[in-house]
Amino acid sequence: MDFTRDDFPEGFVFGAATAAYQIEGHRFGGAGPTHWDSFAKGPGNVVRAEDGATACDHYHRFEEDLDLLKAGGFDAYRFSTSWARVMPDGRTVNPEGLDFYDRLVDATLERGLKPFQTLYHWELPSALADRGGWANGDTALAFADFSETISARIGDRVASTATINEPWCVAWLSHFLGHHAPGLRDIRAAARAMHHILLAHGLAVERLRGMGRDALGIVLNFERALPASESAADAAAAALQDQIYNRWFLEAIAHGRYPEDAIAGLAPHMPEGWQDDMALISQPIDWLGVNYYTRSLIRSAPETPWPALAPVEGPLPKTQMGWEIHPEGLHHFLLRARDALDLPVYVTENGMAWDDSLRAGVVEDTERQRFMADHIAAARRAIADGVDLRGFFYWSLLDNYEWAFGYEKRFGLVHVDFETLERTPKASYHALAAALSR
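An account of the accompanying structure is given in this report. (Residues numbered from 1 in each chain as written. Predicted model: local features only at pLDDT ≥ 70, side-chain atom pairs only at ≥ 80, totals over all residues. Heavy atoms only, no water.)

When you go through the protein chain residue by residue, the secondary structure sums to 15 helices and 11 strands. Against the 2.2 N^0.38 benchmark of 22 Å for 438 residues, the protein chain shows a C-alpha radius of gyration of 20 Å, consistent with a compact globule. On the principal axes, the C-alpha backbone points of the protein chain span a range of 55 × 50 × 45 Å. Put simply, the protein chain has 438 residues, and 61% of those count as buried. Considering only contacts in the protein chain between residues 6 or more positions apart, those separated by 24 or more positions represent 77%. Counting every atom, the protein chain has about 16000 Å² of accessible surface; 49% of that belongs to carbon and sulfur. Of the side chains in the protein chain, 40 bear a positive and 62 a negative charge, and the two mean positions are spaced by 1 Å. (Helix = DSSP H or I, 4+ residues; strand = E, 2+ residues; numbered from the N terminus. Rg over C-alpha atoms; globule rule 2.2 N^0.38 Å. Buried < 20%, exposed > 50% of the residue type's maximum accessible area, 1.4 Å probe, protein only. Contact = heavy atoms within 4.5 Å. Areas by Shrake-Rupley, 256 points an atom, 1.4 Å probe, with all protein chains shown as cover. Lys, Arg positive; Asp, Glu negative; His and termini not counted. Charge placed at Lys NZ, Arg CZ, Asp CG, Glu CD.)

Laid out in structure tokens, this is it:
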């Protein structure tokens, strides 16, 4: 890869990211059921009805995985702490869960790696899902309790804490489009989830500040929305998609408001008194995480209900997920983050899935190496344009449970044989390690 550490500011952090349910093995250590366990059992929801029961068994093999990070020359490990592991019913503490994360953080530090914690990466305890999940405002209050509990145990040793990972996925993808747990297509539930997930963020920040914690942020996912044609209708549809997907969360956090056209469509379905929460949602944070993968081309779809838009297939090369490869979008959103918030920024996820094959002990993933090089170059351009970019985390360290796609899509720098759980670093891992050593 055509970069060295000297091409980045002093102290720039290179890391890799994972998520608890995707790698740990949820059947271990007293973790409680989640809405992903039940969603996976619904017909057609998840490829082969696979779930995260075993995943990569990071629960037992985390030291091996941390050794891979250290050997690769990385600076940091971004991981998430499972709410259902720490509190199996969403409220009652499981000592085994706290002990696991205690060991994980200590082992990360012992290897000279910085632990970057994410509080919530989608594994909602089933007991809370039974009460309405993110459509119920009480879930945000319970999340603040979880945040305080886990931070009391490990918060003194983590380098930073993100409250929520990808609130658009938690709310819109899961409650309006129905692609993720709980699998709803309900605008009222979606509107409430869009607000309550941000309320959970605000309550957690308030609670952690009260404990004296700093380095607090949130991780937003961004997707470039461009019109499918030059028509005014498609331009308006793309602008509305941008409001729902990108601006809703960024403007709420930065300015305490929701974008005009998006809130016009969702206001009839929002929880009563939602306006009173905006000051809490927009309280100061210390950094912003940007997750970026792709762009979308949007057409107007007047034949459908609000928001009356639809994606169309674009012409660019695509990853195994069918996502267009568009590194310019990362540069675009890093500049948008710069303009919205005068804060340090991290690329907290960027990566690609590919149909990787292990042959004679080797995975030659040249496409991934090209993808990484192009996106790291986009990040360098953003730094040159004045973005206070502090780090770049590849998604993901390991091939893992890719949610509704089961174990079929491979994002990892490290190949995982899901029968034997053997880890094999791919060519991309070695290429990145070589660049980081220069």
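Once that is clear, we can look at helix α13 (residues 328–340). Across its 13 residues, α13 extends 19 Å between first and last C-alpha, which sits within 8% of the 18 Å expected from 1.5 Å per residue. Within the span of α13, buried status applies to Gly329, Leu330, His331, Phe333, Leu334, Leu335, Ala337 and Ala340. Check the buried side of α13 and you find it contacts β5 (216–227), α10 (232–255), β6 (287–300), β8 (345–349), α14 (366–384) and β9 (389–395). (Expected span 1.5 Å × (residues − 1).)

Its place among the elements puts Arg213 in the loop between α9 (187–210) and β5. As a C-alpha pair, Arg213 and Asp156 span 57 residues in sequence and 7.8 Å in three-dimensional space. Setting aside residues up to four positions removed in sequence, Arg213 forms contacts with Ser151, Ala152, Gly155, Asp156 and Leu208. A distance of 2.8 Å separates a polar side-chain atom of Arg213 from the backbone oxygen of Ser151. (Polar contact = N/O pair within 3.5 Å; in protein donor to acceptor, adjacent residues only side chain to side chain.)

Here we take up the state of the cysteines. Applying the stated rule across the entire model yields zero disulfides. For the unlinked cysteine Cys56, the closest cysteine sulfur is that of Cys169, found at 19 Å. (Disulfide = S-S within 2.5 Å.)

What follows concerns the packing of aromatic side chains. The final tally for this structure, using the stated rule, is 40 aromatic pairs. Ring centres 5.8 Å apart and planes at 10° place the aromatic pair Tyr21 and Trp403 in the stacked group. Here the residue Tyr21 occupies a position in helix α1 (residues 20–23), and Trp403 occupies one in the loop between β9 and β10 (414–416), the gap between them amounting to 382 residues. Side by side, Tyr21 and Trp403 carry an identical accessibility label, which is buried. Pairwise contacts between aromatic rings join Tyr21, Trp36, Phe39, Trp122, Tyr401, Trp403, Tyr407 and Phe418 into one cluster. Arg85 extends its terminal NZ or CZ atom over the ring of Phe100, reaching a point 5.5 Å from the ring centre. (Phe/Tyr/Trp six-rings, centres within 6.5 Å; stacked < 30°, edge-to-face > 60°. Lys NZ or Arg CZ within 6 Å of the ring centre and 35° of its normal.)

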